[in-house]
Amino acid sequence: MIDTIYIEKEIKKHPRTLEILSKFRNVRTIAIDRYGEVFNRKNQNFRIQKKNPCLILAKKHKGFVLPAPEGFGIGSSKNYYFSHMYNCIYDCSYCFLQGMYSSANFVLFVNYEDFVLEIKKLISKKENITFFSGYDCDSLALEKITGFASYILPIFKEYSNCILELRTKSNQIKPLDKIEPIKNCVIAFSLMPDKISLALDKKAPTIKRRIATIKKLSALGWKIGLRFDPLIFGDSWKDQYQDLHENIFNVINISSIHSISYGPLRFPIAMYKKINSMYQNEKLFVGPFEQNQSEVLYKQEIEEEMTEYCKNLSLNFAPESLIFNCKSN
Amino acid sequence: MNSPPSIRWLVALRAEAKEIISQYELKSFEHEGPYQIFKSKKYDIWLIISGIGKVNAAAASAYLFLKSKATPWSIWINFGIAGFEKNYGTIFKIDKIISHSNNKTFFPSKVIKDKIEYASLLTVDRAQENYSKNYMYDMEGSGFFETTSKIASHDLILVLKIVSDNSNNKVTSINKDNIDCLVKKNILAVKKCLKNLIDLSEEIYISKQKPKSFYELTSKYSFTFSQKIALEDLLKKWQLLFPKRKLDVIINDCKDSKSVIIRLKSDIDETAINWS
Ligand code: SF4
């Protein structure tokens, strides 16, 4: 559990900082000027820090909402993402955050209001936009502490031309069980076969628990996104993905599915090298991978076969209009 | 010799070092440099006596780094006494260091959990008698940390300070004997704390090691530089896929480095991971 919180002096008295601090007992607080002093230090070891991460409360100054990488999307022509937090309480072996940041400490930006201002500016351009939350963290895993989803969800209620996707592996359903479902908000769950998830999604809720959460949320009326992302290859993968699809579609009403997407496993080359060097015994990095000019990925025939096969599995249960390919990292 | 435990101690005074030298059976390391150095005969453990002050601490850290051929998994510890208005005799781990003369601030990593509590440290250039309850005072911490954080893994640097003086225990009454006594009182806690850090250091050490068979194969066949990189990666994968298979049997009929690589690669490519 978090035993130290670094706090930027500028937001020491921010009401949200005080609220967050009130949720901790016996925590040591350390004043800092800017979060980078702790987060961006050289010679840090992500894997070692992951054992006992600290929380850093900070103020974000720019880059509140950014264009989503190409290939990331579920139908809208414009896709943006925002990250109120860097890093995650879970520890997935394929997580790109470990290749992106040198620290495993959690950074939480408390000036949520500024995110909303930027979001509203974009929305005012009257385009259909999908906003993704949960790109640099899990959207709901730390909700009890951050309250970010509770803050952001009602805002989207006013803008039915936009979609908000909260990407998660969490079985944390607050605040979703306390408010009326918002039609243009999608709670999207990352999913993979049980055995593979047990090996790779460390510290995250099991697939069984994720499916149970999906069931609860869909019963409450929330729109659900099914994200088979990343697709992981292995022995008997076809049977495993078939079981997974059956287990999900047996409990969820198709009418509550907003979209289904399939995302292959891909790493930018430098990131792959960095992450691979962090692990001595991680089967994931056995591949079989190949490398193109910019990425390390499963061999093309594997990637294509997995995507096609899984899409066809979904087609047994859902119309094609709900299915998307997602090729971004 | 450079495998864990690999530890570098930096202390300002001989009296602070005495118990460490005895516990880790360190012997004087004869050399012609400006600092007294001690080292273990069995392990990669070194201790340097820097003298008082942050400039000395910085210079001695750099000197020890070179002299001892410190590794990426070496643990660096600045151990010593400090002033603090409370908790006389108690040891603290330091998680914030401010250098008084230039206001530079450093944040040592907090990766280990144990019973030793954390405190902040103000490194000053002259002994202080106006004690604070918010900061410990010392004269080396910032110099040590500023230097070691450039040459060592941030997460393996530790600053440990024992409260030796405050308004009830005057700095003028500090002597060799009471320093020794304070160190002895805390040595068990220090060793426990160090044990946690050694475990982390071992993880870093292991992550930097090549598979054993790499050395066997490279001595048997002649690999080019790029083949060696490929070989290391393939061996790592091969061993994960086939933990029970014997590599020497598999490559028995390989005539050269190229055929070893082809053999390993085809084994790997033909096998899908079993996730159960
Ligand atoms: S849940 Fe997502 S963000 Fe969190 S560790 Fe896993 S992949 Fe990374």
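Residues numbered from 1 in each chain as written. Chains lettered and ligands numbered in written order. Predicted model: local features only at pLDDT ≥ 70, side-chain atom pairs only at ≥ 80, totals over all residues. Heavy atoms only, no water.

Quick look at the domain arrangement of chain B
Interface size, as often reported, equals the accessible area lost upon joining of the parts. What the domain assignment lists for chain B is domain 1 (6-208) and domain 2 (212-275). The C-alpha-based centres of domain 1 of chain B and domain 2 of chain B are spaced at 44 Å. (Domains from an automatic or database assignment.)

Examining unusual backbone geometry
In the segment running from G287 of chain A into P288 of chain A, the intervening peptide bond is cis, with an omega of 10°. Positionally, P288 of chain A belongs in the loop between α11 (269-278) and β16 (289-291). Residue P5 of chain B is reached from P4 of chain B by a cis peptide bond, and omega for that bond is 0°. Residue placement: P5 of chain B occurs in the segment before β1 (6-11). One non-glycine residue, K203 of chain A, lies in positive phi territory at about 70°. Relative to the assigned elements, K203 of chain A resides in the loop between β12 (201-202) and α9 (207-220). In this structure, E25 of chain B is a non-glycine residue whose phi angle is positive, near 50°. The residue E25 of chain B is located in the loop between α1 (14-23) and β2 (26-28) in this model. Classification of E25 of chain B as exposed rests on a relative accessible area of 52%. (Helix = DSSP H or I, 4+ residues; strand = E, 2+ residues; numbered from the N terminus. Buried < 20%, exposed > 50% of the residue type's maximum accessible area, 1.4 Å probe, protein only.)

Observations regarding the pattern of salt bridges
In the structure shown here, the tally under the stated rule is 33 salt bridges over all chains. A salt bridge links D95 of chain B to R28 of chain A; the shortest N-O distance between them is 2.6 Å. Separated into two different chains, D95 of chain B in strand β6 (residues 91-99) and R28 of chain A in strand β2 (residues 28-32) make up a pair that spans both. Classification of D95 of chain B by relative accessible area gives buried; the value is 0%. What makes R28 of chain A partly exposed here is its relative accessible area of 25%. For the salt bridge of D138 of chain B with K161 of chain B, the shortest nitrogen-to-oxygen distance reads 2.8 Å. Of this pair, D138 of chain B sits in strand β9 (residues 135-138) while K161 of chain B sits in strand β10 (residues 157-165), and the two are 23 residues apart along the sequence. Overall, the relative accessible area of 1% leaves K161 of chain B in the buried class. (Salt bridge = Lys/Arg side-chain N within 4 Å of Asp/Glu carboxyl O.)

So, the nonpolar core
Counting 141 residues, the largest nonpolar core has F82, F131, F156, L226, I232, Y241 and I260 of chain A as its most contacted members. Those residues in contact with I260 of chain A, other than ones at most four positions away along the chain, are L226, R227, F228, F249, S314, A318, L322, I323 and F324 of chain A. Of all hydrophobic cores here, the second largest spans 39 residues; its members include I21, I112, Y118 and L156 of chain B. (Core = buried A, V, L, I, M, F, W, Y, C linked by side-chain atoms within 4.5 Å. Contact = heavy atoms within 4.5 Å.)

Notes on the packing of aromatic side chains
If you walk through the whole model with that rule in mind, you get 38 aromatic pairs over all chains. Between Y86 of chain A and F109 of chain A, the aromatic rings sit 5.0 Å apart at their centres with planes inclined by 85°, giving edge-to-face as the arrangement. One end of the pair, Y86 of chain A, is in strand β6 (residues 85-86); the other, F109 of chain A, is in strand β8 (residues 106-109), and 23 residues separate them in sequence. As far as the burial class goes, Y86 of chain A and F109 of chain A line up, both buried. Geometrically, the ring pair formed by W9 of chain B and Y24 of chain B is tilted, given 5.7 Å between the ring centres and 50° between the ring planes. In this pair, W9 of chain B is assigned in strand β1 and Y24 of chain B in the loop between α1 and β2, connecting sequence segments 15 residues apart. Residue W9 of chain B shares its accessibility class with Y24 of chain B, and that shared class is buried. Ring-pair connections join several aromatic residues into one group, and the members of that group are F64, Y80, F82, Y112, F115, F131, F148, Y151 and F156 of chain A. Above the ring of Y24 of chain B, the side-chain terminus of K191 of chain B is found at 5.6 Å from the ring centroid. Above the plane of the ring of F214 of chain B lies K210 of chain B, whose end atom (NZ or CZ) is 5.6 Å from the centre. (Phe/Tyr/Trp six-rings, centres within 6.5 Å; stacked < 30°, edge-to-face > 60°. Lys NZ or Arg CZ within 6 Å of the ring centre and 35° of its normal.)

Considerations on the site of the ligand
Around the ligand lies a shell formed by C88, Y90, D91, C92, Y94, C95, L97, C137 and K169 of chain A. Looking at the shell around the ligand, its residues break down into seven nonpolar, no polar and two charged. (Near = heavy atom within 4 Å. Nonpolar A, V, L, I, M, F, W, Y, C, P; charged D, E, K, R; others polar.)

Some details on the environment of I162 of chain B
All names here are of chain B. Here I162 is to be found in strand β10. For I162, a relative accessible area of 0% gives the class buried. Through-space distance from the C-alpha of I162 to that of A82 is 5.9 Å; in sequence the pair is 80 residues apart. Sequence-distant contacts of I162, defined by excluding residues within four places in its chain, comprise F79, G80, I81, A82, G89, T90, I91, M136, L182, V183 and N186.

Describing the interface of chain A and chain B
Taken together, the 42 residues of chain A in the interface contact 37 residues of chain B. Here chain A meets chain B over a buried area of about 3,300 Å², counting both sides, of which 54% is carbon and sulfur. Linking chain A with chain B are three salt bridges. Between K299 of chain A and D269 of chain B there is a salt bridge whose closest N-O contact spans 3.2 Å. Here chain A is connected to chain B by 21 residue pairs in polar contact (both at pLDDT 80 or more). Residues that form the side of chain A that touches chain B fall into these classes: 19 nonpolar, 12 polar and 11 charged. (Buried area = accessible area lost by both parts, 1.4 Å probe. Polar contact = N/O pair within 3.5 Å; in protein donor to acceptor, adjacent residues only side chain to side chain.)

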